[in-house]
Amino acid sequence: MATHLAAVSPAKGQPFEIRARPTPKPGPDELLIAVKSVALNPADTIMRDQGLFIPAYPTVIGFDMSGLILEAGDNVPVSFRPGITRVAAYAALVWKSCDPDYGPFQERCLVPWQHAVPLPDEGMSWNHAATLPVAVQVPLSAWDAMGIPRVEEAPAKNIMEKTEALLIWGASSSVGTMGVQTARLLREDANSSFAAVYATAGSANLSYVGSLGADRVFDYKDSRVVDAIISAAKEDRLVIRHCFLATGQLAPCQAVLKTFLGEDQEGKNTNTAKIASAPVVPQDAEVVDGVETMFVMPSMVEGERLEQFRYWIGTWLRENLVKRTIRPSPQPSVVGKGLGVINAGLDKLREGVSCTKLVVEVAE
């Protein structure tokens with residue numbers, strides 16, 4: 001039986017151990033990927049340290065990966081060619097009861113084809129590709145959760161009046177930077193009501209976030225940041241009814257949106273506003289009348305989830321990579337080479353990083 005190496009999680013709170021595992025065969029609708037690079041996410045640290053989502057040990061965890069397709073199961077589209085197609089993929093581990101065959105912190109990993117995107121050319125490195133899946137999925141699912149219409153390819157039949165600013169809080173994080181890029185495309189869509197993208201970031205990253213497409217960027221450490229955002233919107237004659245909380249505190253987002261509840265200048269009722277939160281919403285979070293807060297999470301229903309990922313990763317990401325309307329963001333920072341450095345990488349992530357994505361090179 002063929003085997004490969006894996007960074008195995010032996011028990012809750014324990015560091016990974018490098019072990020050999022049997023290499024699985026892909027089932028229907030599945031790909032077997034030779035993992036080249038993995039990007040590290042805060043959820044990886046929580047899973048390792050606290051056992052989040054993990055029903056049994058030992059297992060293999062992770063979310064973001066890039067690699068080469070080795071085998072394809074039945075019913076996989078012909079665009080996924082074994083030995084040829086390079087992909088970025090979002091692991092299905094959480095939806096497979098943490099079956100270790102589906103965790104990317106190893107040399108070989110199974111993934112549903114709907115969770116993978118063929119890379120458009122050889123110009124994108126494994127490291128850059130590995131930063132994409134989670135960063136893209138989270139803001140796109142936020143827009144869906146808040147009921148924001150998806151960008152349409154067809155010309156607008158009835159051009160929308162653009163009266164809103166879309167706010168991304170914590171825009172220098174991985175999902176925040178991609179939130180800005182996806183929001184920029186919403187702003188450019190004639191079918192959307194968004195006229196501007198507002199974002200918050202640390203002072204060192206204001207220019208970078210602006211370069212991704214934010215029209216106004218505010219320093220979230222400024223004690224008057226809420227007032228500054230509200231004043232800017234009023235100056236631009238816009239309202240803020242939708243916010244993507246990529247990272248940071250919920251309360252200032254609620255304070256901004258609460259200001260715009262009521263009737264707009266045309267007398268239309270605006271008594272509802274929405275916040276989509278990438279962090280888990282604290283149980284003791286204040287409830288603000290008229291401001292709905294939702295935790296961003298793909299569907300737990302298999303068929304629904306696969307359709308969501310087929311659009312987010314297989315359609316939206318593929319099309320925008322081909323058109324070069326987005327780019328991997330933020331820049332990857334390589335922790336090191338080999339599965340053995342993942343523990344150190346997660347320790348570094350837990351200490352806090354800004355405007356970078358930590359990456360481990362698993363193989364050449």
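Not measured: the values here are computed from a predicted model.

Chemist: Explain the pairing of strand S14 (residues 273–277) to me, please; I cannot follow it from the model alone.
Modeler: Regular strands place their side chains on alternate faces of the sheet. Burial analysis of S14 places 4 of its 5 residues in the buried class, which makes it a mostly covered element. In this structure, strand S11 (residues 239–245) lies alongside S14, joined through 4 bridges in parallel fashion. From the neighbouring strand, His 242 faces S14, where its bridge partner is Lys 274. Note: S14 against strand S15 (residues 291–295), 5 bridges, orientation parallel. Within S15, the residue paired with Ile 275 across the bridge is Thr 293.

Chemist: Help me out: how do you make sense of the packing of helix H1 (residues 42–50) against helix H9 (residues 342–351) in this one?
Modeler: Helices that pack against each other are described as a pair by the angle of their axes relative to one another and the distance between those axes. Where H1 contacts H9, the two axes come as close as 9 Å, and the packing angle between them is 110 degrees. Overall, the two elements H1 and H9 adopt an arrangement that is roughly perpendicular. Crossing of H1 over H9 shows left-handed handedness. Contacts between H1 and H9 involve Pro 42, Asp 44, Thr 45, Arg 48 and Asp 49 from the first element and Asn 343, Leu 346, Asp 347, Leu 349 and Arg 350 from the second. Tallied by class, residues from the contact of H1 with H9 come to 3 nonpolar, 2 polar and 5 charged.

Chemist: Can you help me understand the domain arrangement of the protein in this one?
Modeler: Where the parts come together, the accessible area they lose is often given as the size of the interface. Domains assigned within the protein are domain 1 (3–124 + 301–361) and domain 2 (138–295). Between domain 1 and domain 2, the contact holds 15 residues from the first and 18 residues from the second. Summed over both partners, the interface of domain 1 with domain 2 buries about 1500 Å², with 53% contributed by carbon and sulfur atoms. Our count for the domain 1 to domain 2 interface comes out at 0 salt bridges. Among the elements that make up the side of domain 1 that touches domain 2, the one with the highest residue count is helix H8 (residues 302–323) (6 residues).

Chemist: Explain helix H4 (residues 174–188) here, please?
Modeler: Along an α-helix, residues three or four apart share an orientation, since each turn contains 3.6 residues. Taking 1.5 Å of rise per residue, 15 residues should cover 21 Å, and H4 covers 22 Å from first to last C-alpha, within 8% of that figure. Extensive coverage of H4 is indicated by the burial of 14 of its 15 residues. Capping the start of H4, Ser 173 holds a side-chain oxygen 3.0 Å from the backbone nitrogen of Gly 176, two or three residues further along.

Chemist: What should I look at first to understand a nonpolar patch on the surface in this one?
Modeler: A cluster of nonpolar side chains, contributed by Ile 46, Leu 52, Phe 53, Val 280, Phe 295, Met 297 and Met 300, occupies part of the molecular surface with about 620 Å² of accessible area. Along the chain, Phe 53 falls in the loop between H1 and strand S4 (64–72).

Chemist: How should I be thinking about the nonpolar core in this particular structure?
Modeler: Side chains that are nonpolar tend, in soluble globular proteins, to be buried together. The biggest cluster of nonpolar side chains holds 82 residues, and the ones touching the most others in it are Leu 31, Phe 105, Trp 143, Ile 168, Leu 317 and Ile 342. The element that contributes the greatest number of residues to this core is helix H3 (residues 132–145), accounting for 8 residues. Split by domain, the residues of this core number at least three in each of domain 1 (3–124 + 301–361) and domain 2 (138–295). If you look at the next biggest cluster of nonpolar residues, it comprises 26 residues, including Trp 169, Tyr 198, Val 226 and Val 239.

Definitions and limits used
- Residues numbered from 1 in each chain as written.
- Predicted model: local features only at pLDDT ≥ 70, side-chain atom pairs only at ≥ 80, totals over all residues.
- Heavy atoms only, no water.
- Buried < 20%, exposed > 50% of the residue type's maximum accessible area, 1.4 Å probe, protein only.
- Helix = DSSP H or I, 4+ residues; strand = E, 2+ residues; numbered from the N terminus.
- Pairing = 2+ DSSP bridges.
- Axes fitted to C-alpha atoms, helices over the stretch in contact; angles between N-to-C directions.
- Parallel < 35°, antiparallel > 145°, perpendicular 65-115°, else oblique.
- Left-handed = near helix turned anticlockwise from the far one by under 90°.
- Contact = heavy atoms within 4.5 Å.
- Nonpolar A, V, L, I, M, F, W, Y, C, P; charged D, E, K, R; others polar.
- Domains from an automatic or database assignment.
- Buried area = accessible area lost by both parts, 1.4 Å probe.
- Salt bridge = Lys/Arg side-chain N within 4 Å of Asp/Glu carboxyl O.
- Expected span 1.5 Å × (residues − 1).
- Polar contact = N/O pair within 3.5 Å; in protein donor to acceptor, adjacent residues only side chain to side chain.
- Patch = residues over 30% accessible without salt bridge, like charges linked within 9 Å, V, L, I, M, F, W, Y side chains within 5 Å.
- Areas by Shrake-Rupley, 256 points an atom, 1.4 Å probe, with all protein chains shown as cover.
- Core = buried A, V, L, I, M, F, W, Y, C linked by side-chain atoms within 4.5 Å.

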